[in-house]
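Each chain, letter by letter, is given below.
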Amino acid sequence: MTLKIGVIGTGAIGKDHIRRITSNLSGGRITAVTDVNEAAAKAVVEQYALDAAVYPDDKSLLAQADIDAVLVTSWGPAHEQSVLAAIEAGKYVFCEKPLATTAEGCRRITDAEIKHGKRLVQVGFMRRYDSGYVQLKQAIDEQMIGEPLMIRCAHRNPESGPNYTSDMAITDTLIHEIDVLHWLLDDDYRSVQVSYPRKTRHALSHMRDPQVVLLETNGGVLITAEIFVNCRYGYDIQCEVIGEDGIVKLPEPSSISLRKEAMFGTRILMDWKDRFIEAYDREIQDFIDSVGRGELQGPTAWDGYIAAVTADACVKAQESGQREEIALDEKPALYAGQAVGQV
Ligand code: NAI
Ligand code: NAD
Ligand code: ISE
């Protein structure tokens, strides 16, 4: 059976997911799109020669009986409304991060899903589907390095746009580390502190960049995460887990090495779309397959809630300069166990 998919938000990542469903993946077909910018939605239908209807908004798209599932790829503040409407309509929904921009918004979504009685929501934390992170997880789970003690990571973008603000270093960027590290360690966070090194001259005047976030987990693992969104040289994601018996490190993306003019090196990617291209393919294929089976297994709305609570504390720590506590509600039974990522 081919899954009929509606897309809410046809910007950068909405288009990229439409491209992969249309050209690379199996079992899904885009049959409906909407965007607050209707011209953008119409342009996507033309660009990808879709046999898809353009609707004026999420509600009218979700009212169509012949749509099995939706992708929510609008900007973050619009996610909650669309996800709640999808649950209300009983449709499966893949929502890009953040699930909602507040922890309360995420709880409204988990409450609606719990009331529905079954998982309908998968959150776009694609790193769990990246082969490098999956290998790190296997190494940790198999105790290859003993107990993990510390993690050092970096999330670097070449540049940030004019609308990017200092808090987005957390809510838009670090949120990937917040999710993937809690999944790697199967542990939640208990505190956070944020420090600012000297500011790069490449950052716009309204923002702090880079930033250093110190997170502590309930199990006592200390994580230092550098966020540097105007690093200029590339899109660079680093993660090193230091354990009692050894260290495991995220592999670099594969690339030929070049020896030339007294230099030796490999290519560094510039675009997030390329760095995690296989992970995006796998997460969306997993969503399509799981909906087909009637049972989602990817990152849950509860993972979205954990990320939002942690991000809220990080933003508070950005402002206070102090160590801030992170406290989660009790995990509801619907979300028992750990959601998987896969290769
Ligand atoms: P974008 O700005 O390129 O696209 C967003 C689109 O949504 C725009 O076309 C906008 O008109 C539309 N939109 C906004 N509100 C809407 C609403 N209520 N209904 C319908 N359409 C609406 O943004 P981009 O980069 O595509 O990001 C979209 C989402 O994807 C964000 O949540 C972002 O955090 C996430 N994202 C995730 C990435 C990942 O690595 N998983 C990478 C980039 C973005
Ligand atoms: P974008 O600005 O390119 O696209 C957003 C689109 O949503 C725009 O076309 C906009 O018109 C539309 N939109 C906004 N509000 C809407 C609404 N209420 N209804 C319908 N459409 C609406 O942004 P983007 O880069 O594609 O990011 C979109 C989302 O994807 C964000 O949540 C972002 O965090 C996430 N994202 C995730 C990753 C990742 O690595 N997982 C990467 C990029 C973006
Ligand atoms: C963007 O929204 C993403 O999700 C990218 O993965 C991230 O690297 C970037 O910093 C965000 O703005």
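- With an unreviewed UniProt entry as reference, the chain is termed Gfo/Idh/MocA family oxidoreductase, source organism Saccharibacillus sacchari.

What about unusual backbone geometry?
Line of reasoning, step 1. Cis rather than trans, the peptide bond between Lys 97 and Pro 98 has omega equal to -5°.
Line of reasoning, step 2. With respect to the element layout, Pro 98 can be found in the loop between strand 5 (92-95) and helix 5 (103-116).
Line of reasoning, step 3. Unusually for a residue other than glycine, Ala 262 sits at a positive phi of about 65°.
Line of reasoning, step 4. The topology assignment puts Ala 262 in the loop between strand 13 (257-260) and strand 14 (263-266).

Some thoughts on the side chain of Glu 96
Line of reasoning, step 1. Structurally, Glu 96 can be placed in the loop between strand 5 and helix 5.
Line of reasoning, step 2. Summary of buried charges: Glu 96 has no salt-bridge partner, and the nearest side chain of opposite charge, Lys 97, is 5.8 Å away.

With respect to helix 4 (residues 79-88)
Line of reasoning, step 1. By the criterion of burial, helix 4 is predominantly enclosed, with seven of the ten residues buried.
Line of reasoning, step 2. Taken residue by residue, helix 4 has His 79, Glu 80, Ser 82, Val 83, Ala 85, Ala 86 and Ile 87 as its buried positions.
Line of reasoning, step 3. The elements touched by buried residues of helix 4 are strand 1 (3-8), helix 3 (58-62), strand 4 (69-72), strand 5, helix 5 and strand 6 (121-123).
Line of reasoning, step 4. Trailing helix 4 by a residue or two, Gly 90 shows a phi angle of about 70°, which is positive.

Some words on the site of ligand 2
Line of reasoning, step 1. Taken together, 24 residues form the shell around ligand 2, and within it Ala 12, Ile 13, Asp 35, Lys 97 and Tyr 280 come nearest.
Line of reasoning, step 2. One of the side-chain nitrogen or oxygen atoms of Asp 172 is found 3.2 Å away from an oxygen atom of ligand 2.
Line of reasoning, step 3. His 176 places a side-chain nitrogen or oxygen 3.3 Å from an oxygen atom of ligand 2.
Line of reasoning, step 4. In the complex, the protein chains occlude 78% of the 830 Å² of accessible area that ligand 2 would expose alone.

Points about the pairing of strand 2 (residues 28-34)
Line of reasoning, step 1. Extensive coverage of strand 2 is indicated by the burial of six of its seven residues.
Line of reasoning, step 2. In this structure, strand 1 lies alongside strand 2, joined through six bridges in parallel fashion. The partner of Gly 6 across the bridge, within strand 2, is Ala 32.
Line of reasoning, step 3. Following the chain from strand 1 across helix 1 (residues 12-23) to the adjacent parallel strand 2, one finds a crossover that is right-handed.
Line of reasoning, step 4. Of the strand pairs in this sheet, strand 2 and strand 3 (residues 53-54) are connected by two bridges, and their pairing is parallel. Residue pairing in the sheet places Ala 32 in a bridge with Ala 53 of strand 3.
Line of reasoning, step 5. Following the chain from strand 2 across helix 2 (residues 38-47) to the adjacent parallel strand 3, one finds a crossover that is right-handed.

Some remarks on the sheet that holds strand 1
Line of reasoning, step 1. Strand order across the open sheet formed by six strands is 3-2-1-4-5-6, with parallel pairing between neighbours. Edge positions in the sheet fall to strand 3 and strand 6, since each has one partner strand and no second.
Line of reasoning, step 2. Bridging between strand 4 and strand 5 involves four bridges; their strand directions are parallel. Paired with Val 72 across the strands is Cys 95, a residue of strand 5.

Thresholds applied
- Residues numbered from 1 in each chain as written.
- Chains lettered and ligands numbered in written order.
- Predicted model: local features only at pLDDT ≥ 70, side-chain atom pairs only at ≥ 80, totals over all residues.
- Heavy atoms only, no water.
- Helix = DSSP H or I, 4+ residues; strand = E, 2+ residues; numbered from the N terminus.
- Buried < 20%, exposed > 50% of the residue type's maximum accessible area, 1.4 Å probe, protein only.
- Lys, Arg positive; Asp, Glu negative; His and termini not counted.
- Salt bridge = Lys/Arg side-chain N within 4 Å of Asp/Glu carboxyl O.
- Contact = heavy atoms within 4.5 Å.
- Near = heavy atom within 4 Å.
- Polar contact = N/O pair within 3.5 Å; in protein donor to acceptor, adjacent residues only side chain to side chain.
- Areas by Shrake-Rupley, 256 points an atom, 1.4 Å probe, with all protein chains shown as cover.
- Pairing = 2+ DSSP bridges.
- Right-handed = clockwise from strand over helix to strand, strands pointing away.

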